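Read off the chains here:
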Amino acid sequence: MSVIEKHKKVVTVRFSGDSGDGIQLTGSQFSNTTALSGNDLSTFPDYPAEIRAPAGSVHGVSAFQINFGSQRIHTPGDSCDVLVVMNAAALKANITSLKPGGIIIANMDGFGKKDLALARYDKTSDPLGDAKKSGFQLIKIDVTKLTRESLKDTGLSTKEMDRSKNMFVLGVVYWLYNRPLDPTIEFLTSKFKSKPEIAEANIKAMKDGYSFAIATEVFSERYTIEAAPIEPGSYRNITGNDAVVLAIASAAQTSDLPVFLGSYPITPASEILHGLSKLKHYGITTFQAEDEIAAITSAIGASYGGSIGVTSSSGPGVALKSEAIALATMLELPLVIINVQRAGPSTGLPTKTEQSDLFQALYGRAGDCPVAVLAARSPADCYAMTYEACKIAVEHMIPVIMLSDGYIANGAEPWKLPEVKDLYAIKPPLYRPAENGSDASPFFPYSRNEDFVRPWAIPGNKKTIHRIGGLEKEDQTGNISYDPDNHQHMTRMREEKRDAIAKKIPLQTIDEGPDQGPLLVVGWGSTYGSIKSAIMEAREEGYAVSFTHLKYLSPLPLNLGDLLSRFDKILVPEINNGQLIHVLRDTYQVQVEGFNKVRGQPLKVHELKAAIIEEFS
Amino acid sequence: MSVIEKHKKVVTVRFSGDSGDGIQLTGSQFSNTTALSGNDLSTFPDYPAEIRAPAGSVHGVSAFQINFGSQRIHTPGDSCDVLVVMNAAALKANITSLKPGGIIIANMDGFGKKDLALARYDKTSDPLGDAKKSGFQLIKIDVTKLTRESLKDTGLSTKEMDRSKNMFVLGVVYWLYNRPLDPTIEFLTSKFKSKPEIAEANIKAMKDGYSFAIATEVFSERYTIEAAPIEPGSYRNITGNDAVVLAIASAAQTSDLPVFLGSYPITPASEILHGLSKLKHYGITTFQAEDEIAAITSAIGASYGGSIGVTSSSGPGVALKSEAIALATMLELPLVIINVQRAGPSTGLPTKTEQSDLFQALYGRAGDCPVAVLAARSPADCYAMTYEACKIAVEHMIPVIMLSDGYIANGAEPWKLPEVKDLYAIKPPLYRPAENGSDASPFFPYSRNEDFVRPWAIPGNKKTIHRIGGLEKEDQTGNISYDPDNHQHMTRMREEKRDAIAKKIPLQTIDEGPDQGPLLVVGWGSTYGSIKSAIMEAREEGYAVSFTHLKYLSPLPLNLGDLLSRFDKILVPEINNGQLIHVLRDTYQVQVEGFNKVRGQPLKVHELKAAIIEEFS
Amino acid sequence: MSTLTTPSKEKKRKSYASNQEVRWCPGCGDYTILKQVQTLLPTLGVEPENIAFVAGIGCSSRFPYYMDTYGIHGIHGRAPAIATGLKTSRPDLSVWVITGDGDGLSIGGNHLIHSLRRNIDLNILLFNNEIYGLTKGQYSPTSQKGHISKSSPQGSLDNPFNPLSLALGSRGTFLARTMDRDPKHLQKMLERSYQHKGTSLLEIYQNCIVFNDGAFEPYTNKATRNKTSLYLQQDQPLLFGENNRYGVRLDGLKPVVVDLQEEEVSADELWIHDESDKTKAWLLTTFFENNFKDNLLPRPFGVLYSEQIPTYEEQLQIQIEQAKERHGKPDLEKLLKGNDTWVVR
Amino acid sequence: MSTLTTPSKEKKRKSYASNQEVRWCPGCGDYTILKQVQTLLPTLGVEPENIAFVAGIGCSSRFPYYMDTYGIHGIHGRAPAIATGLKTSRPDLSVWVITGDGDGLSIGGNHLIHSLRRNIDLNILLFNNEIYGLTKGQYSPTSQKGHISKSSPQGSLDNPFNPLSLALGSRGTFLARTMDRDPKHLQKMLERSYQHKGTSLLEIYQNCIVFNDGAFEPYTNKATRNKTSLYLQQDQPLLFGENNRYGVRLDGLKPVVVDLQEEEVSADELWIHDESDKTKAWLLTTFFENNFKDNLLPRPFGVLYSEQIPTYEEQLQIQIEQAKERHGKPDLEKLLKGNDTWVVR
Ligand SMILES: Cc1ncc(C[n+]2csc(CCOP(=O)(O)OP(=O)(O)O)c2C)c(N)n1
Ligand SMILES: Cc1ncc(C[n+]2csc(CCOP(=O)(O)OP(=O)(O)O)c2C)c(N)n1
Ligand code: SF4
Ligand code: SF4
Ligand SMILES: [Mg+2]
Ligand SMILES: [Mg+2]
């Protein structure tokens, strides 16, 4: 039997196994190699909710999905073509994500009686046999046995040998997709620099996996995926949380300001604290506060002192910050609030994704309390939008909420590295009169520039000594004022200052399709990839649908109303029970339909596509 | 010169003086007597922001305004016909609230050099003279001197005598409005039961004030205000905060449930804590918590234990409760959150009123987190709406936010006492299977009745042992569930449960005017009185304007959309920068205009009336 | 009462275990604590329907799900406040609070110290693993200074709380310490906590095998624990070490370790443990800071302090009774009327 | 240095006073404290532009508005956290925290204890008037038990915090007590607080003339204060009473009052004050609870405890330097690249 070589445009592979099986590492190696091969790609790790569930149990299963192709890729894929399962629990947890007729690569040593029992399969059942009967292609490999065989001369213990199982499988999959082994060999060599025997073993296991695939002809087909038409440049893979960290470091550099992060750990935002805590030499101070309130108020204190105050959290933590966000709004100090949303309400499903904190971001404070709200659309976009959040916060002296979510925070995609010299400048409205200058004009902390922005005068200058606080302040002087007209005026000023940001942000553009027509899909946040894919598929099938995606939620782009008015119907897909839809209805009094999924998961491309097509019937 | 007796329909009197002058007592005595005379009335105390400002200073001025008449009265009056000023500072602080040509009754002993200086008048200025020149009628009385004269034989010290100054003035004003002295005599006698000499002195000062007015003919006119057409019944004066207290006590009785109030003091909500802390014998436990978070979470704990959990605060405090409100939403326990709004954002103007927490009430939580939101329209209505809040919370197992504000919390109006036996029942969905019964059916804490309400099973019963928490719960069992479809389902259930309340609340009715036409004014909360007055005046002038007032903000009454659609234009007056207006636009996609004042004060009737008339031009 | 689990006890224990699968990491110290609680409860004479477990958020805070009693899994740090509402309104219930070093001392520190001073009859079990477990390994307020973690790559800068000193400074009325690895002592301490009327704080050293394995190694390791751990016994001298070789003596205000084999010290010269002595309790809590110094003081386990004063809810009941006596049966009509009414006809 | 206000001092003092009208009730204790702070600052050699006052919410918390220095009037209870961010990021500033017993011990208790353990160089002035002033008179966490107030008509049930015990239990490194009515001592204590590197907590007994007048009467009233107040002096015996008639002696662990006129006690048998002795400091804080009992212990004023250990921000600076040394000049390009990049052509 000879192997048929095929070309494919898009492929989705899902690795799965026990938390201890090294699935995440396998996945990220496969991603790197794929990226180096010139494919576009998107990945998503799927960790178990428990820290470390009992080995072999269904809730202890860890998975990593990668979608890659010779065309632009926008999501990690609704379902996969190939499912790697290291044990029975992995099969049980992931079988529903395999496409009909898809390939299962099963480690047969993970399907013993004990494994079936741990996975809570019936004693007498044969899940792999059943899968085959359902039309899946089954590739059985005794991975454990073969890995031990491969490494028997290394002198490693069985336990140590078993740690290379994942590399054996990776070798098999590399063969299947015609991938080079070198990148992973390099990686292993450098990772285990101090333990060369471990590096050797892993490399050998991988090579033997590759050879095994050649020799045994377990596969009847083999696939080649051509390079994708990607903009030239240097790329790296990046997760949303890492992108936030890099953006903040970048803003520190371009603004020439210190950064102070006050944060309290919370899933799925903690990596931002972890990442920034390694960057002290960038002028970044991180403070693990006793709670979210101390986190944000310490950031406010630092802002008063001349730092970019930043705080990072997730929905329930941001809820606790509401009162302090209002303080920062009154103080008119720069403050960046990163909200990595998770499924709620309350503790909800902390490890699952959702975009249901839009209401809270826009409205979740006492009083008339306008802040700016931005949202990132993908892992890499977290860089752009966090940088933008820092810029707006600093230049407009206002709290900015940047919305990310669990999906893009942990998911990764290739990111074209920006040229550092091309990063646009951040210009703080610092006011520093020469202390020995003859300028006798008094300082007015609540005077405003043409964008309604007040000067930022930081302690240390004799000429700008002033006090600020949460009580209503007199225009110009900033002294306490109970004057009714002044309160009306200041309320307006705070709103106009927020609204004036609209002049600085890009006008809304159409992402796909013509700029008028029967149907416009409006997205925001992490649904970008799913919507984009669904739109492209629908358009390929001839449906005249257009797509626009919001990254600025408050203020909204100036031309959005005009843009919306040019379509007959508007559809708003969201991973929540309907939030942006209310904002659009309110702001533009347009008829809008929602496509709402609250399943703790990214939108499924095929479901959304079906909903789009439905609009045409 | 003889006195002309005149009849008047509506009169506004404003008493003002130093915080130490007993102005609030004077005002409330005048109110009581006026009520007993059968007038309708509305009052508003205007305390200084400082606890005790230096005597004689402008920010130490205390005032009390009463609006009363022979017709229905809905506000304390935009401006007053008579202004009583006990010193120069009082004049300075209050002169702008006097109608053109209005009467100033001035205590001349409060206008000495020192008084002028303390009030920061120019040394050489003659503010009373200036007032006269501006066309005000000036009645000068040496109140201090006359009071001392009146009491010289009592044996009291000068300091003690001076404490009766306010009673002397009250006597004068009683004469002016043809009021009996008996009610105040009775009050003084009982108040100073243990100090009869003080009672005597006060009564004498008042009588002498009355006689002084007769004897000296300082006034050229005297007014009679006929009784108003008021529904028969027993009445009392009540402030909004007192009404909340009474409603909670009533709910405890009719539901036969204990009440637990967890609260942390904050202006202007503290009186609710104070009031309820006196009612332990009503089964009401009050707990002054260490902060707002402990306040609400202790109430949640008590709800789990079978109490009606209540928490009271103002905007910044409610912001701190956001996370816990979401917990209660998940736990599906009864919880009543009273928010006595104040001017914000942040600390804002804590002693001033505003209705700018509507956004926070509706949307201020992470995740999709539906709660019920009600708002009281007047001091007395705080009783009805708080009772309703308790009923909805208990019967629908849901957090209910009841919005009051500083204006109605401190303001007072006559309240027709309800018949206790007519109070509608509150029926908790308690589930208490007989412990020794043979009923073997398992208990499902997250099963639901036809209104989507789950059973309330309180600790102590062996058959209903269960645990609840903030993680997403499996339908029926309430066990933790990470199932995507279950999360979607439960999200919908929580929303449908909230929406089902709409079936239980009254349909929206038109308060004034026809049920269709060119203009509908839509109000909510404490603006009721001002809007009602403005509408009535405009209608009297022939403008075909209608008025409806919302007391249920979430869910909205089922017929509201229909009702709104029958008008050409909609105007929404609010004491905020525009909040309900967004809700209506969003929900009904109607064109709505706002009339927004953010001055920390009730709406001015004449301003609103002008805006209404403007709509017809 | 034997505290070891016998077969019939095992059955009883199971009757307090819920049907939910326990999902801590294999080897986590939380398992033993759960087991000991489930073993103890059937012996106390309280029915499961009269018990409630209230927790915050953290690995440890999942505890209530595993008990077949009433329970609330609350929000992060707020368990003492939730429990305060429950216990104050339902003094008939036995209310237990489960919290971690992050939950109880970081975000929830304020509620903890306030419940201690109020002396509400709660049994607070503080699972101290010196780490944030659930959020995967950041340093906590009890982590040793210099602790390298995900959020402190160069070592933490904070001086850790000494939880029992903090609790004593908060006017706690019952303070005890035990550890997961000593089930017998753990159970004894659970029982003592239960018996105390008022807020009892039981600090339990709990090993987080994943993110902070071995944090309490010196006290659990067979080779060292003899020298590092001292078990307090009421009215007994402070003795520790193999064959109680060492004792603790007070040199003025200074606790000093004496080697009884080397020095001639009679038992009555040694420090006699007295749970009711607050000054001694303070000194015992500060052994903490003296650890690993010259004068190597052992870590005391057992009841450091116990004081019987009225509980919050007892006093509240008295006020309720007083109010009832003073005002009689509630008369809603009268209440609504207030002092001044008038009639319109 | 004389601590009394001389004319030229008065001028200097005014230079630290802002142009805002001071709006406390006439006779409020806050006035003296303000005055002493304004008097002290010019003597310290720090320019006003390098000073920041950070407050929460309460009568006392209005303080920053009255100082002609930088300042923030924050939100209720959060001043220590705001100040932590400011001081950590701007170690060059002299940062003062103004808080009340409600602000600092009720809603803000957690931030207070955490800043104490972290030992950030803040000067915290706790204006303790045993009442909530600004909200018009509810009992506070320091109100005496049984205190009748608007929110406790039958008397409060909570045991009050002993603020300095709490602070010691929180690992505070500088604890002192003074009162509004003794300006000289107040100023001395302010100065000591300033000099301490690390978090200093100065509890100031402050009379709220409107809602809790006379709360500290026993310590301020001429007739009684001699017997009730003890002024601590480093290395000096604990003496109080008219002509230092009384002394305090340690009977084992128990502080005992001795009447030096009646008993034959030599000075060196008396307790010698040692600010660095934590156990003694604990005992001093607990004089609090023994007040009004048989053995009438006086209330100690002065520095109860002082310990010099590295501050949070000092150590942070070291870590920053280390990071700079290890990683060199920040290279953003390199950082953005990370470990794995590829080039698309
Ligand atoms: C408001 C809020 N902030 C943060 C979190 C995230 N969080 C959950 S548990 C935890 C700390 C857990 O530490 P600990 O209390 O010591 O419990 P352990 O997991 O170690 O048992 C944190 C920070 C949260 N759930 N809610
Ligand atoms: C979040 C929040 N809760 C409550 C309040 C109301 N409040 C303001 S000051 C205060 C207590 C003041 O007491 P304390 O700190 O002792 O200061 P004092 O007025 O006695 O100086 C309270 C409860 C508030 N401003 N913000
Ligand atoms: S992470 Fe640590 S504390 Fe949490 S379950 Fe695992 S071992 Fe236990
Ligand atoms: S209320 Fe009390 S603390 Fe506040 S300013 Fe007045 S006297 Fe001072
Ligand atoms: Mg922990
Ligand atoms: Mg106070």
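Keep in mind the model is a prediction, meaning the values are calculated, not measured.

I'd like a description of the overall build of chain C, backed by residues and values.
Counting its regular elements, chain C contains 12 helices and 12 strands. The globule rule puts the C-alpha radius of gyration for 345 residues at 20 Å, and the 23 Å found for chain C is close to it. With the C-alpha coordinates of chain C rotated into their principal frame, the extents come out at 95 × 50 × 45 Å. Sorting the 345 residues of chain C into buried and exposed places 64% on the buried side. When contacts within chain C are restricted to residue pairs at least 6 apart in sequence, those whose partners lie at least 24 apart make up 66%. For chain C, the computed accessible surface area is about 12300 Å², with 47% contributed by carbon and sulfur atoms. Here chain C contributes 39 positive and 40 negative side-chain charges, whose respective centroids are spaced 6 Å apart.

Outline the overall build of chain A, supporting the account with residue identities and numerical values.
Summing up its helical and strand segments, chain A has 22 helices and 22 strands in all. Computed over C-alpha atoms, the radius of gyration of chain A comes to 27 Å, within 12% of the 25 Å expected from 2.2 N^0.38 for 617 residues, which places it in the range of a compact globule. Referenced to the eigenvectors of the C-alpha coordinate spread, the extents of chain A come out at roughly 90 × 60 × 45 Å. Across the 617 residues of chain A, 67% fall into the buried class. Of the contacts made within chain A by residues no fewer than 6 positions apart, 77% connect residues no fewer than 24 positions apart. On chain A, roughly 20100 Å² of surface is accessible, and the fraction owed to carbon and sulfur atoms is 50%.

I'd like to hear about the interface of chain B and chain D, residue by residue, with values.
With 25 residues of chain B at the interface, the matching set in chain D holds 28 residues. A buried area of about 2200 Å², summed over both sides, lies between chain B and chain D, and 55% of it is on carbon and sulfur atoms. Area buried by chain B at its contact with chain D is led by Ile51, Arg52 and Gln288 of chain B, which between them contribute 29% of it. For Glu21 of chain D, the salt bridge identified is with Arg120 of chain B, shortest N-O distance 3.5 Å. For the pair chain B and chain D, the interface holds 9 residue pairs in polar contact (both at pLDDT 80 or more). Among the elements that take part in the side of chain B that touches chain D, helix H11 (residues 270–276) of chain B stands out by supplying 3 residues, more than any other.

An account of the site of ligand 2 is needed here, citing residue identities and associated values.
Around ligand 2, a shell composed of 21 residues is seen, among which Glu292 of chain B together with Cys59, Ser60, Asp101 and Asp103 of chain D lie nearest. Chain contributions to the surroundings of ligand 2 come from chains A, B and D. Here Cys59 of chain D contributes a backbone N or O atom positioned 2.8 Å from an oxygen atom of ligand 2. Protein burial of ligand 2: of its 590 Å² of free accessible surface, 98% is covered by the chains. No other element matches the 3 residues that helix H4 (residues 101–107) of chain D contributes to the shell around ligand 2. Partitioned by chemical class, the residues of the shell around ligand 2 number 9 nonpolar, 8 polar and 4 charged.

Can you lay out the side chain of Ser170 of chain D for me, pointing to particular residues and giving the numbers?
Along the chain, the position of Ser170 of chain D falls in the loop between helix H6 (163–169) and strand S5 (174–179). According to the relative accessible area criterion, Ser170 of chain D is buried, its value standing at 0%. Excluding its chain neighbours within four sequence positions, the residues that come into contact with Ser170 of chain D are Phe161 and Leu166 of chain C together with Ile113, Leu116 and Arg117 of chain D.

Explain the coordination of the magnesium ion (ligand 5) to me, and be specific about the residues and the numbers.
Residue and element names in this part refer to chain C. Those protein atoms acting as donors to the magnesium ion (ligand 5) are Asp101 (OD), Asn129 (OD1) and Ile131 (O), and they sit at 2.0 to 2.2 Å. Between consecutive donors of the magnesium ion (ligand 5), the numbers of intervening residues give the motif D-x27-N-x1-I. Note that Asp101 is positioned in helix H4 (residues 101–107) and Ile131 in the loop between strand S4 (122–128) and helix H6 (163–169), a separation of 30 residues in sequence. You'll find Asp101 and Ile131 in the same group, each marked buried.

Requested: an account of the pattern of salt bridges, with residues and values cited.
Inspection of every chain in the model, using the stated rule, returns 89 salt bridges over all chains. Taking the shortest distance from any N to any O, the salt bridge between Arg14 of chain A and Asp46 of chain A comes out at 3.0 Å. Here Arg14 of chain A, found in strand S2 (residues 10–18), pairs with Asp46 of chain A, found in strand S3 (residues 40–46); they are 32 residues apart in sequence, far enough to count as distant. Owing to a relative accessible area of 9%, Arg14 of chain A belongs among the buried residues under this scheme. The partner of Arg566 of chain B in a salt bridge is Asp562 of chain B, with the nearest N and O atoms 3.1 Å apart. A residue is classified by how much of its surface remains accessible, and Arg566 of chain B, at 29% relative accessible area, is partly exposed. Within this structure, Glu290 of chain A, Asp158 of chain C together with Arg117 and Arg118 of chain D form a network of salt bridges that share partners.

I'd like a description of the coordination of the magnesium ion (ligand 6), backed by residues and values.
Residues and elements named next belong to chain D. For the magnesium ion (ligand 6), the full set of protein donor atoms is Asp101 (OD), Asn129 (OD1) and Ile131 (O), and the range of their distances to it is 2.1 to 2.2 Å. Summarised as a motif, the one-chain spacing of the donors to the magnesium ion (ligand 6) is D-x27-N-x1-I. Remark: Asn129 occurs in the loop between strand S4 (122–128) and H6 and Asp101 occurs in helix H4; sequence separation between them is 28 residues. When sorted by exposure, Asp101 lands in the same class as Asn129, which is buried.

Could you give an account of the sheet that holds strand S22 (residues 593–596) of chain A, naming the residues involved and the relevant values?
Residues and elements named next belong to chain A. Strand order in the open sheet made by the 4 strands is S19-S18-S21-S22, with parallel pairing throughout. Among the strands making up the open sheet, the edge pair consists of strand S19 (545–550) and S22. Strand after strand, the sheet turns through a mean of 25 degrees between neighbouring axes, direction not considered. Pairing of strand S21 (residues 567–574) with S22, which is carried by 4 bridges, proceeds in the parallel orientation. Directly across from Val572, in S22, lies its bridge partner Gly594. Each of strand S18 (517–524), S19, S21 and S22 is contacted by helix H21 (residues 580–588), which is oriented at about 150 degrees to S21, the strand it contacts most.

Give a description of the interface of chain A and chain D that names residues and reports values.
Listed by partner, the interface residues are 66 residues for chain A and 55 residues for chain D. Buried area between chain A and chain D, both sides added, is near 5100 Å², and the carbon and sulfur share of it is 63%. If you sort the residues of chain A by the area they bury against chain D, His281, Glu290 and Arg467 of chain A come out on top, with a joint share of 15%. Counting the contacts that link chain A with chain D gives 4 salt bridges. Residues Asp68 of chain D and Arg467 of chain A are paired through a salt bridge, measuring 3.3 Å at the closest nitrogen-oxygen approach. Where chain A meets chain D, there are 26 residue pairs in polar contact (both at pLDDT 80 or more). Breaking the side of chain A that touches chain D down by element, the ones donating at least two residues are helix H1 (23–36), strand S9 (233–239), helix H10 (240–255), strand S11 (284–288), helix H12 (292–304), helix H14 (322–331), strand S16 (412–416) and strand S17 (467–469) of chain A. Examining the composition of the side of chain A that touches chain D, we find that 7 residues originate from one element, H12 of chain A, more than from any other. Grouping the constituent residues of the side of chain A that touches chain D by class yields 34 nonpolar, 22 polar and 10 charged.

Pulling in residues and values, what's your account of the environment of Thr144 of chain B?
Residues and elements named next belong to chain B. In this structure, Thr144 sits in helix H5 (residues 143–150). The spacing of Thr144 and Met108 is 36 residues in sequence and 8.1 Å in space, taken between C-alpha atoms. Excluding its chain neighbours within four sequence positions, the residues that come into contact with Thr144 are Asn107, Asp109, Asp162 and Lys165.

Describe the site of ligand 4, and please don't skip the residues or the numbers.
Near ligand 4, the surroundings consist of Ile51 of chain B together with Trp24, Cys25, Cys28, Cys59, Asn129, Gln206, Cys208, Ile209, Val210 and Phe211 of chain D. For the shell around ligand 4, the per-class residue count stands at 9 nonpolar, 2 polar and no charged.

Rules and cut-offs
Residues numbered from 1 in each chain as written. Chains lettered and ligands numbered in written order. Predicted model: local features only at pLDDT ≥ 70, side-chain atom pairs only at ≥ 80, totals over all residues. Heavy atoms only, no water. Helix = DSSP H or I, 4+ residues; strand = E, 2+ residues; numbered from the N terminus. Rg over C-alpha atoms; globule rule 2.2 N^0.38 Å. Buried < 20%, exposed > 50% of the residue type's maximum accessible area, 1.4 Å probe, protein only. Contact = heavy atoms within 4.5 Å. Areas by Shrake-Rupley, 256 points an atom, 1.4 Å probe, with all protein chains shown as cover. Lys, Arg positive; Asp, Glu negative; His and termini not counted. Charge placed at Lys NZ, Arg CZ, Asp CG, Glu CD. Buried area = accessible area lost by both parts, 1.4 Å probe. Salt bridge = Lys/Arg side-chain N within 4 Å of Asp/Glu carboxyl O. Polar contact = N/O pair within 3.5 Å; in protein donor to acceptor, adjacent residues only side chain to side chain. Near = heavy atom within 4 Å. Nonpolar A, V, L, I, M, F, W, Y, C, P; charged D, E, K, R; others polar. Donors = N, O, S within 2.8 Å, 3.2 Å for Na, K, Ca; no water. Pairing = 2+ DSSP bridges. Axes fitted to C-alpha atoms, helices over the stretch in contact; angles between N-to-C directions.

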